[in-house]
Amino acid sequence: MNELEQEIRRRIAAAGPLPFDQFMNLALYHPELGYYSRPRDPFGVHGDYYTNSQVQPVFGRLIAQQILAWEVELGSPPEFTVVELGAGRGETAREVRALLPHIRYIEVEKRSGALPEQMVGVVFSNEFFDALPVEVVEFRPSRLMERRVGLKKDKLAWVERAPCSTRIEDYARRFIPRPAPGQVIEVNLEALDWLERIARSLVRGLVLTIDYGYTAGEIAGGRRFSDGSLMSYSRHTASEDVLRDPGERDITAHVNFTALAEHGASLGLEPSPLQTQTQFLLSIGQADNFASAMTASLEQDTFRHRQLLKTLLFDMGETYQVLIQKKNG
Ligand SMILES: C[S@@+](CC[C@H](N)C(=O)[O-])C[C@H]1O[C@@H](n2cnc3c(N)ncnc32)[C@H](O)[C@@H]1O
């Protein structure tokens, strides 16, 4: 049993089963023992998974191209800011900064960077919302039950606790229409909090969110993800056992895009229809037939760039969804 699991067991012994968001917060972000705090790099071939951000320079160039188009569309304001939430190793930030040195680019990470009080520009994220700690609930015919993490036969296990907080009840009512009996869903209250922060900070501009997820309609009646969408990743292998080896595996929950779009709209962030990553990147590339994304410098080769574009459009293109929300100041 690792050190973090011992710590989690001590907390359960002292205060009873842990709400899952607290468990996930410790597993991912405990200051020394959390998955994202350890010295080992989680990304790339020697890590646990790939994201778009490792598909450089092509991904960064396409994002830069889109940012530039939006800057022009917004009338080229004197100070144009891009904030990247959950910037990770900063690959996209490096690429965009190199191409658009005139913009202010702020990387926000768990322990560094912050949204400015006021900004005109773009709030961008890639696989940020799926990494926020969520609570887990199960729909019973007469009520909602909150699932917590406790101990069964001396192992970390799911235990049920009712009732849920009013905030969780509200989220479920708003964003999970027609749940099936026994359906399990994740409730991402932090995502709503982030949208509120973004809406306060963004005077005028766009929110660009790339992530994997679903719409409320897709999961209604338990058609998809009837047992919830939590997954853990280690060494490029996915597992549904998210309670195992806390701190040693990534944990994610699919994003409820209806929640992001509708809560955002209530805050003045007008959503465009959800698109796949393929549709989004094709719409950027069609302006110049992907010429700027594919141009190779002396030490790079075009064949590799073509392979990278194929990965973004086809291998990852249908997995990720893109939500664009606009605020008109
Ligand atoms: C799945 S990783 C994605 C990293 C990067 N965007 C990429 O595509 O490779 C999620 C990132 O979100 C960051 N993160 C999680 N919670 C955060 C918070 N509250 N504030 C800022 N960053 C956060 C994590 O530290 C992690 O780097």
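None of these values were measured; they are calculated from a predicted model. (Residues numbered from 1 in each chain as written. Predicted model: local features only at pLDDT ≥ 70, side-chain atom pairs only at ≥ 80, totals over all residues. Heavy atoms only, no water.)

**Describing the overall build of the protein chain**
Thinking step 1. Summing up its helical and strand segments, the protein chain has 11 helices and 17 strands in all.
Thinking step 2. The C-alpha atoms of the protein chain give a radius of gyration of 20 Å, which matches the 20 Å a tight globule of 329 residues would have.
Thinking step 3. Dimensions of the protein chain, computed from the C-alpha atoms along their principal axes, are close to 60 × 40 × 35 Å.
Thinking step 4. Within the protein chain, buried positions represent 56% of all 329 residues.
Thinking step 5. Of the contacts formed within the protein chain by residues at least 6 apart in sequence, a portion of 72% connects residues at least 24 apart.
Thinking step 6. When the accessible surface of the protein chain is totalled, it reaches about 15,000 Å², and 51% of it is carbon and sulfur. (Helix = DSSP H or I, 4+ residues; strand = E, 2+ residues; numbered from the N terminus. Rg over C-alpha atoms; globule rule 2.2 N^0.38 Å. Buried < 20%, exposed > 50% of the residue type's maximum accessible area, 1.4 Å probe, protein only. Contact = heavy atoms within 4.5 Å. Areas by Shrake-Rupley, 256 points an atom, 1.4 Å probe, with all protein chains shown as cover.)

**Quick notes on the packing of helix α1 (residues 3–15) against helix α2 (residues 20–29)**
Thinking step 1. At a minimum axis separation of 11 Å, α1 and α2 run at an interaxial angle of 155 degrees. Between α1 and α2, the angle is such that the two are roughly antiparallel. Note on packing geometry: the crossing formed by α1 with α2 is right-handed. Across from Leu 4, Ile 8 and Arg 11 in α1, the residues of α2 making contact are Phe 23, Leu 26 and Ala 27.
Thinking step 2. Its residues placed into classes, the contact of α1 with α2 shows five nonpolar, no polar and one charged. (Axes fitted to C-alpha atoms, helices over the stretch in contact; angles between N-to-C directions. Parallel < 35°, antiparallel > 145°, perpendicular 65-115°, else oblique. Left-handed = near helix turned anticlockwise from the far one by under 90°. Nonpolar A, V, L, I, M, F, W, Y, C, P; charged D, E, K, R; others polar.)

**Here's the deal with helix α6 (residues 189–201)**
Thinking step 1. Compared with the 18 Å implied by 1.5 Å per residue over 13 residues, the 19 Å span of α6 between its first and last C-alpha is a close match.
Thinking step 2. Looking at α6, one finds that the buried residues are Leu 189, Ala 191, Leu 192, Trp 194, Leu 195, Ile 198, Ala 199 and Ser 201. (Expected span 1.5 Å × (residues − 1).)

**Looking at the packing of aromatic side chains**
Thinking step 1. Under the defined criterion, the tally for this structure stands at 10 aromatic pairs.
Thinking step 2. Measuring from centroid to centroid gives 5.2 Å for Phe 128 and Trp 194, while their planes differ by 85 degrees, and the two rings are edge-to-face. Here the residue Phe 128 occupies a position in the loop between β4 (119–126) and β5 (135–139), and Trp 194 occupies one in helix α6, the gap between them amounting to 66 residues.
Thinking step 3. Residue class for Phe 128 comes out buried when judged on its relative accessible area of 10%.
Thinking step 4. Using a relative accessible area of 15% as the deciding quantity, one classes Trp 194 as buried.
Thinking step 5. Taking 5.1 Å as the distance between ring centres and 75 degrees as the angle between the ring planes, the aromatic pair formed by Tyr 171 and Phe 175 counts as edge-to-face. Of this pair, Tyr 171 and Phe 175 are both found in helix α5 (residues 166–175), four residues apart, which corresponds to roughly one turn of the helix. Per residue, the accessibility class of Tyr 171 equals that of Phe 175, and both read buried. (Phe/Tyr/Trp six-rings, centres within 6.5 Å; stacked < 30°, edge-to-face > 60°.)

**Considerations on the site of the ligand**
Thinking step 1. Taken together, the neighbourhood of the ligand is formed by 18 residues, with Thr 51, Ser 53, Gly 86, Glu 109 and Asn 126 sitting nearest.
Thinking step 2. Gly 86 places a main-chain nitrogen or oxygen 2.7 Å from a nitrogen atom of the ligand.
Thinking step 3. With the chains in place, 96% of the 590 Å² that the ligand exposes on its own is no longer accessible.
Thinking step 4. Among the residues forming the shell around the ligand, the class breakdown is nine nonpolar, six polar and three charged. (Near = heavy atom within 4 Å. Polar contact = N/O pair within 3.5 Å; in protein donor to acceptor, adjacent residues only side chain to side chain.)

**Some words on the sheet that holds strand β11 (residues 231–234)**
Thinking step 1. Ordered by their spatial adjacency, three strands build an open sheet running β12-β11-β13, and the pairing between neighbours is antiparallel. Pairing within the sheet leaves two strands with one partner each, and these edge strands are β12 (237–239) and β13 (250–252). Pairwise comparison of adjacent strand axes, ignoring direction, gives a mean angle of 30 degrees for this sheet.
Thinking step 2. In the sheet, β11 pairs with β12 via three bridges, with the strands oriented antiparallel. In the sheet register, Ser 232 faces β12, and the bridge partner there is Ser 239. (Pairing = 2+ DSSP bridges.)

**A few points about the domain arrangement of the protein chain**
Thinking step 1. Segmentation of the protein chain into domains returns domain 1 (1–39 + 135–187 + 219–253) and domain 2 (50–134 + 204–212 + 256–329).
Thinking step 2. A separation of 29 Å is found between the C-alpha centroids of domain 1 and domain 2.
Thinking step 3. Taken together, the 23 residues of domain 1 in the interface contact 15 residues of domain 2.
Thinking step 4. In this structure, the connection of domain 1 to domain 2 is made through zero salt bridges. (Domains from an automatic or database assignment. Salt bridge = Lys/Arg side-chain N within 4 Å of Asp/Glu carboxyl O.)

**Some details on the pairing of strand β6 (residues 144–152)**
Thinking step 1. With two bridges connecting them, strand β1 (residues 18–19) and β6 associate as antiparallel partners. Along β6, the bridge assignment pairs Pro 19 with Arg 148.
Thinking step 2. Where β5 meets β6, four bridges bridge the pair, whose relative direction is antiparallel. By the bridge assignment, Val 136 is partnered in β6 with Arg 147.
Thinking step 3. Where β5 folds back on β6, the antiparallel hairpin that results is connected by four residues.
Thinking step 4. Direction of pairing for β6 relative to strand β7 (residues 155–161): antiparallel, over a ladder of seven bridges. Looking at β7, one finds that Gly 150 is bridged to Ala 157.
Thinking step 5. Hairpin connection from β6 to β7: two residues lie between these consecutive antiparallel strands, with Lys 153 at a positive phi of about 50 degrees.

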